[in-house]
Amino acid sequence: MQKHVNIFGIPMDLGQNRRGVDMGPSAVRYAQLGEKLQTLGYIAHDEGNITVSQAEESPEDYTDKHINAHFLPQVAKVCQATYSSIVECWRDDAFGLFIGGDHSVSIGTITAVAQRKNIGVLWIDAHTDMNTPETSPSGNIHGMSMAVLLGDGPQKLLDVGGHTVLDPDQVAMIGVRDVDKDEAMRVRESGITVHTMREVDENGIVAIAHRVLDQFKDRDHIHVSLDLDSCDPRYAPGVGTPVFGGLSYREAHLLMELLADSGKVCSMDVVEVNPILDDRNRTAEIAVEMILSILGKNIL
Ligand SMILES: [Mn+2]
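Only a predicted model underlies this, so the values are computations on that prediction, with no experimental measurement involved.

K.L.:
Got a minute to help me understand helix 11 (residues 282–294) in this structure?
P.N.:
In an α-helix there are 3.6 residues to a turn, and that puts residues three or four apart on one side. For helix 11, which comprises 13 residues, the first-to-last C-alpha distance of 18 Å matches the rise-based estimate of 18 Å (1.5 Å per residue) to within 8%. Most of helix 11 sits inside the fold, with 10 of its 13 residues counted as buried. Burial in helix 11 covers these residues: Thr283, Ala284, Ile286, Ala287, Val288, Met290, Ile291, Leu292, Ser293 and Ile294. Those residues of helix 11 that are buried lie in contact with helix 1 (24–30), helix 2 (33–39), strand 3 (94–100), strand 7 (221–227), helix 10 (249–262) and strand 8 (265–271).

K.L.:
For this particular structure, what's the right way to read the coordination of the manganese ion?
P.N.:
For a metal bound by four donors in tetrahedral geometry, the ideal donor-metal-donor angle is 109.5 degrees, whereas six donors in octahedral geometry ideally sit at 90 or 180 degrees. Listed as protein donors to the manganese ion are His103 (ND1), Asp125 (OD), Asp129 (OD) and Asp227 (OD); their distances from the metal cover 2.0 to 2.3 Å. Positions of the donor residues of the manganese ion, expressed as sequence spacing, correspond to H-x21-D-x3-D-x97-D.

K.L.:
Would you mind going over helix 3 (residues 72–89) with me for this structure?
P.N.:
With 18 residues, helix 3 extends 25 Å from end C-alpha to end C-alpha; this agrees with the ideal 26 Å at 1.5 Å per step. By the burial criterion, the buried members of helix 3 are Leu72, Pro73, Gln74, Val75, Ala76, Val78, Cys79, Thr82, Tyr83, Ser85 and Ile86. Of the surrounding secondary structure, the elements contacted by the buried residues of helix 3 are strand 1 (3–10), strand 3, helix 4 (106–116) and helix 6 (155–158).

K.L.:
So what exactly am I meant to see when it comes to the packing of aromatic side chains here?
P.N.:
Aromatic ring pairs are described here by two measures, namely the spacing of the ring centres and the angle between the planes. This model, assessed by the stated rule, comprises 3 aromatic pairs. Grouped by ring-pair contacts, the aromatic residues Phe8, Trp90 and Phe98 constitute a single cluster. The lysine or arginine in question, Lys117, covers the ring of Trp90, its NZ or CZ lying 5.1 Å from the ring centre.

K.L.:
Got a minute to help me understand the pattern of salt bridges in this structure?
P.N.:
Pairing of side chains with opposite charge becomes possible as their charged atoms draw close. Inspection of every chain in the model, using the stated rule, returns 10 salt bridges. Note that Glu202 is salt-bridged to Arg198, the shortest N-O span being 2.9 Å. With Glu202 and Arg198 both in helix 8 (residues 197–203) and 4 residues apart, this pair spans about one turn of that helix. Of the charged contacts, one joins Arg282 and Asp279 as a salt bridge, the two residues approaching to 2.9 Å between their closest N and O atoms. Relative accessible area serves as the criterion here: at 30%, Arg282 is assigned to the partly exposed category.

Calculation rules
Residues numbered from 1 in each chain as written. Predicted model: local features only at pLDDT ≥ 70, side-chain atom pairs only at ≥ 80, totals over all residues. Heavy atoms only, no water. Helix = DSSP H or I, 4+ residues; strand = E, 2+ residues; numbered from the N terminus. Expected span 1.5 Å × (residues − 1). Buried < 20%, exposed > 50% of the residue type's maximum accessible area, 1.4 Å probe, protein only. Contact = heavy atoms within 4.5 Å. Donors = N, O, S within 2.8 Å, 3.2 Å for Na, K, Ca; no water. Phe/Tyr/Trp six-rings, centres within 6.5 Å; stacked < 30°, edge-to-face > 60°. Lys NZ or Arg CZ within 6 Å of the ring centre and 35° of its normal. Salt bridge = Lys/Arg side-chain N within 4 Å of Asp/Glu carboxyl O.

Laid out in structure tokens, this is it:
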């Protein structure tokens, strides 16, 4: 049977303050995503990009000035458009590949996937993205996306897709090593499962991957949300918020390979690739390698 991948680009850079992540979808496509998918035996159906206004042409909406969440109306609009596009266009027979943009895009992508399928969400990230406007030091929405998906955050974001909320037992995280103080309290109280870098160091990525697969054994599908800052900046320097001590090149690959072996991954976000901060498109190239690994590319 022919295998299909459905690609959606979301050039969102309004959820954080480092310009350049809007070029993420172009950089990943430029790293020969289409050709390499074809070589692996997939037919790629590229839906193009969701429209995102430029930060310069959409000044902050001052009706929401009292909320500590920059570009809130614009981010909500893009997330809603992302949600609608996926709900309308995602082919039933295809793996869903959603390329950001910053991590705020996952509010749209995961809401869409969760409405269609019984999923566990594996969030691979240096951060937990569990802030709210009340706790966020920066007011950047890309650090609030998981809180919103669990039902906590600005109403405009909760409204995306008609307010679908994940249960805490639907969420696992790997790669976490940088959490804000008040955010950490919400993470501990939330009931989600977080495998920090310390746990990866102590137990190894194989054991952690199996714990995640065990957590999701009663779920039909797994959605992977890959923030490239989960990888150590030695390998993936082109991200807005690099943190040392991340997943090694092989740990990240092995995690993707083990997830591929499970046969349950139905869709994936690839976010925070920032070509302006990158070194000769290395981070986009690693992103493509991760995509191929999770789609079943083997060494032999
Ligand atoms: Mn993130």
